[in-house]
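# Commentary on secondary and tertiary structure
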Amino acid sequence: MKVLATYNIKGGVGKTATAVNLAHVAAAHGNRVLVWDLDPQGAATFYFRVKPKVKGGGKAIVRGSLELGDAIKATDFDNLDLVPADFSYRHLDLWLDDAKKPLVRIRSALRQVSEEYDYVFLDCPPSISLTSESVFRAADALLVPTIPTTLSLRTYEQLDRFVEENPDMVRELKILGFFSMVDRHKRLHRRFMNDLRTAHPELLEATIPNSTDIERMGVHREPVGAYGKGSKPARAYEALWSEIQTRL
Amino acid sequence: MSKVRRYEVTAAGDFASVLVVLTDHLGLRLLNLDEGQRSWLDTPTGTLEQAKTTLEFRLPSGEGTPSLTWAAEGRVLVYDPCVSSTPPVQSSDLPDSAAFARLTALVDGGQLVAGPTVNSQIAVLACLDDEEKTTARIIFDRSETLDGVTLPMMLEVLPLRGYEDEASELEKKLKRSVALSASATPIRELAKQGASAGRAAGIENDGTALVSTMSAARSWRAVLQTLNDSMVQSFSGVLSGNDPEDLHAFRVAVRRIRTILQDGDDVIDPESRDRFRHEYRWLGDVTTPTRDADVHLIEFPELVAMLPPERREELVSFNAVLLRHRADCHAAMAVELRSMRRAEFGTAWLSFLADDDAWTGCGDLADEPVLRIVLRRIEKANRQLVKNGRKISKKSPAIALHELRKEGKRLRYLLECFAPLFDEKALATILRPLRDVQDVLGEFQDTEVQANALLELAGELASADDHSAPMALSGVIEQLGVRGADARASFAKTFGSFDDRKVQRAFDQLEPRKKKR
């Protein structure tokens, strides 16, 4: 089982869209996939039409009194399940802080379902906190959507530095950054992409376009590939998934 | 992990009408409606079945592309909606994708063989919650094997993980709206049983022609296989209920099977014989009310025509009563014919006909030449008919005539089912007057049954304000009484023609004469 976390310190960069769409692509390829929504906004939960209610609460999962398997809900898509989030996840940092060995809590919970899934996507809230550190311990790779703008570049480099400075915490963690919400009509986007690729050649080649098709996920409440099969963004997520697999 | 819950749909009605209940009454969303051929594939050693998975190849009959689905307990593991139009025969034929890699590894380079194949109508439906999120999938299936064996309509409820409570609620609603009986057998397994039994019965039946030197057991088996074929042919028509002739043909086949079983002592395995006689009696009984209702409807216009023209209009409303009664009878019959009892008995019956061991050493007379045995049984049946027929007088109760009719049927069926063994001229000499006797007895019974049934149904008209209809109906019942009395009056003469010396002598001439060299 590979654990992939969609993560960025900055919000609004397309983390949830990445988690939901890549999970959908991976499942459509016959992989057994779980999405764990760790964000109290519950956007991934909303996209899959699952009610934002966790029996026993996320707290019980973190503390180990509720098996992760008991919180899993199947989505409408074959081989694609979800652990929903509710608003109580805003206290995730506090729960972890109260728990013994907080950094391994998420990893321990995932170990319970390691035989059932090929891939787990963790949809993380935007911040750098105890939750993030716990996710870093659990994940095999961080998928970092990055908008080609100054602030995004800054946060990407913050993360890069954090990983470099905390080798014990992140261990074998791979950082897979890629450009998200790209508008190729904007000269600024093109320039930032060139500059960033020069500075960070490890960035993935595949890019996700800025598209109303992706924004319509909130209307359809399903992944892009479900209502816009063959569309530009759907093809972009396919390409991204296939590149990620070569890097894992 | 969620488990599939299986039900046999025992509700009256065809696929379309049950589907309407599921969508319109229960509000389930129809995701897909498919018609086509389905085959289940596995390795020769059953690797996929051992792994509790199924590999299904589906070939749609209309538009659409062939598909391949690998599933475990209703959960789709891999699905390819567009594959080659021939099923894969080895693991290297499986789609070349990461998705199928696990299946390819499981098959491990081995061959894939097609198991049971059925023609199906399948509807996939979703039960949605108030967020329009699927909580359970429902697969509704109507299939028949390539041999023409109709399998029970099946309904599978697949609760989605985390929605088990919602699925239980749905099941309660389903049970309230559609007649269901729990079933542990997946459609693939039913198809396997149905196909093997149907095929075996078909193969045996193809080449077996009756000859006098054949063993009794082999001949009895061949006759039963032929009768089974005609019963199976009319079965779907019986369920649809569009043509009363289908039910008539079905009932004739059932009655003949009962006669051949009845006269199969010391030829057929006694335990099987008892079991199937009992089941065929039940099968005959469950179809009787519908057949009677058919007869009412068929004959009613003729009876009405016998009334004075000014009274005929008064019975228009009664025709609606008859139609409603017929629909009720048919619905009740369809429930029985789709029941698990019928399915299990049907499968056991086909297996019995196909099983060589069941017909080896099965009775003291099983290996005797058939002609000697069957002539002995015919002689006995004739003796009984003549003896009881001679006892019938003007004062005999109706039941005595009904019993005599049954004895006549037994004799007639024995003669007709084993007809290829007999001298044609002698057979024709016997059958002509025997059929006349049957017609007279049949007319007597039909008029009596009809008169009683019409009297009972007339109660539905009694509450209406218009009293003209019951009056007119009593005229019809009177006509039936006249016809019955005529039939009874003609019995003595008709029976006399059968009990004639020339006809009775023909029984001794049934054995074909050996040709002189």
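A brief look at the structure comes next. A quick note: this is a predicted structure, and the numbers were derived from the prediction, not measured. (Residues numbered from 1 in each chain as written. Chains lettered and ligands numbered in written order. Predicted model: local features only at pLDDT ≥ 70, side-chain atom pairs only at ≥ 80, totals over all residues. Heavy atoms only, no water.)

### Re the overall build of chain B
Within chain B, the regular secondary structure consists of 16 helices and nine strands. Considering chain B as a whole, with its 517 residues, one finds that 50% of them fall into the buried category. (Helix = DSSP H or I, 4+ residues; strand = E, 2+ residues; numbered from the N terminus. Buried < 20%, exposed > 50% of the residue type's maximum accessible area, 1.4 Å probe, protein only.)

### Description of the pattern of salt bridges
Under the criterion given, the structure shown has 31 salt bridges over all chains. In this structure, the salt-bridge partner of Asp118 of chain A is Arg102 of chain B, at a minimum N-O distance of 3.1 Å. One end of the pair, Asp118 of chain A, is in the loop between helix 5 (105–111) and strand 5 (119–123); the other, Arg102 of chain B, is in helix 3 (residues 98–107), on a second chain. For Glu132 of chain B, the salt bridge is made with Arg29 of chain B, and the minimal N-O distance between the two is 3.0 Å. One end of the pair, Glu132 of chain B, is in the loop between strand 6 (113–128) and strand 7 (134–145); the other, Arg29 of chain B, is in strand 2 (residues 29–42), with 103 residues separating them in the sequence. Note on Arg29 of chain B: relative accessible area 38%, which makes it partly exposed. Taken together, the shared-partner salt bridges in this structure form one network comprising Asp34, Arg38, Glu56, Arg58 and Asp141 of chain B. (Salt bridge = Lys/Arg side-chain N within 4 Å of Asp/Glu carboxyl O.)

### Observations regarding the nonpolar core
The tendency in soluble globular proteins is for nonpolar side chains to be buried side by side. Trp220, Trp349, Phe418, Phe422 and Phe498 of chain B are the most contacted members of the largest nonpolar core, which has 76 residues in total. Counting residues per element, this core draws most heavily on helix 6 (residues 216–240) of chain B, which supplies 11 residues. Once residues within four sequence positions are removed from consideration, Trp220 of chain B is found in contact with Ile260, Asp263, Gly264, Val267, Ile268, Trp359, Val370, Ile373, Val374 and Phe418 of chain B. If you look at the next biggest cluster of nonpolar residues, it comprises 46 residues, including Ala85, Val135, Ala138 and Val163 of chain A. (Core = buried A, V, L, I, M, F, W, Y, C linked by side-chain atoms within 4.5 Å. Contact = heavy atoms within 4.5 Å.)

### Topic: helix 1 (residues 15–25) of chain B
All names here are of chain B. Among the residues of helix 1, Phe15, Val18, Leu19, Val21 and Leu22 are the ones counted as buried. The buried residues of helix 1 all sit within an arc of 150° when viewed along its axis, so they share a single face. Relative to its buried face, helix 1 has exposed residues pointing more than 90 degrees away, namely Asp24 and His25. In this structure, the buried residues of helix 1 make contact with strand 1 (5–9), strand 2, strand 6, strand 7, strand 8 (154–159) and helix 4 (164–177). (Arc of directions from axis to C-beta.)

### What about the sheet that holds strand 4 (residues 67–72) of chain B?
Residue and element names in this part refer to chain B. In spatial order, the strands read 5-4-3-2-6-7-8-1-9; together these nine strands make up an open sheet with antiparallel pairing. Edge positions in the sheet fall to strand 5 (75–80) and strand 9 (180–182), since each of these pairs with one other strand and no more. Each neighbouring strand pair of the sheet contributes to a mean axis angle of 35°, computed without reference to strand direction. Relative to strand 8, strand 7 is paired through six bridges, and the arrangement is antiparallel. Bridge pairing in strand 8 places Ile139 opposite Glu156. With respect to the sheet, helix 3 is in contact with strand 3 (54–60), strand 4 and strand 5, its orientation differing from that of strand 4 by roughly 70°. (Pairing = 2+ DSSP bridges. Axes fitted to C-alpha atoms, helices over the stretch in contact; angles between N-to-C directions.)

### Focus on the sheet that holds strand 8 (residues 207–209) of chain A
Strand pairing within a sheet occurs via backbone hydrogen bonds; the two strands may be parallel or antiparallel. Residue and element names in this part refer to chain A. Reading across the sheet, the eight strands line up as 3-4-2-5-1-6-7-8 and stay open at both edges, with mixed pairing between neighbours. Every other strand in the sheet has two partners, leaving strand 3 (73–74) and strand 8 as the edge strands with one partner each. Relative to strand 8, strand 7 (residues 174–182) runs parallel, the two being bridged by two bridges. The partner of Phe179 across the bridge, within strand 8, is Thr207.

### Side note on the interface of chain B and chain A
Across the boundary between the two partners, chain B contributes 19 residues, which contact 21 residues of chain A. When the buried area of chain B at its contact with chain A is split by residue, Glu131, Lys133 and Arg161 of chain B rank highest and sum to 34% of it. Where chain B meets chain A, there are six salt bridges. Residue Arg221 of chain A is joined to Glu131 of chain B by a salt bridge in which the shortest nitrogen-to-oxygen separation is 2.9 Å. Linking chain B with chain A are 17 residue pairs in polar contact (both at pLDDT 80 or more). Those elements that place two or more of their residues in the side of chain B that touches chain A are strand 5, helix 3 and strand 7 of chain B. The dominant element in the side of chain B that touches chain A, judged by the number of residues it contributes, is strand 5 of chain B, at four residues. Residue classes in the side of chain B that touches chain A are distributed as eight nonpolar, two polar and nine charged. (Buried area = accessible area lost by both parts, 1.4 Å probe. Polar contact = N/O pair within 3.5 Å; in protein donor to acceptor, adjacent residues only side chain to side chain. Nonpolar A, V, L, I, M, F, W, Y, C, P; charged D, E, K, R; others polar.)

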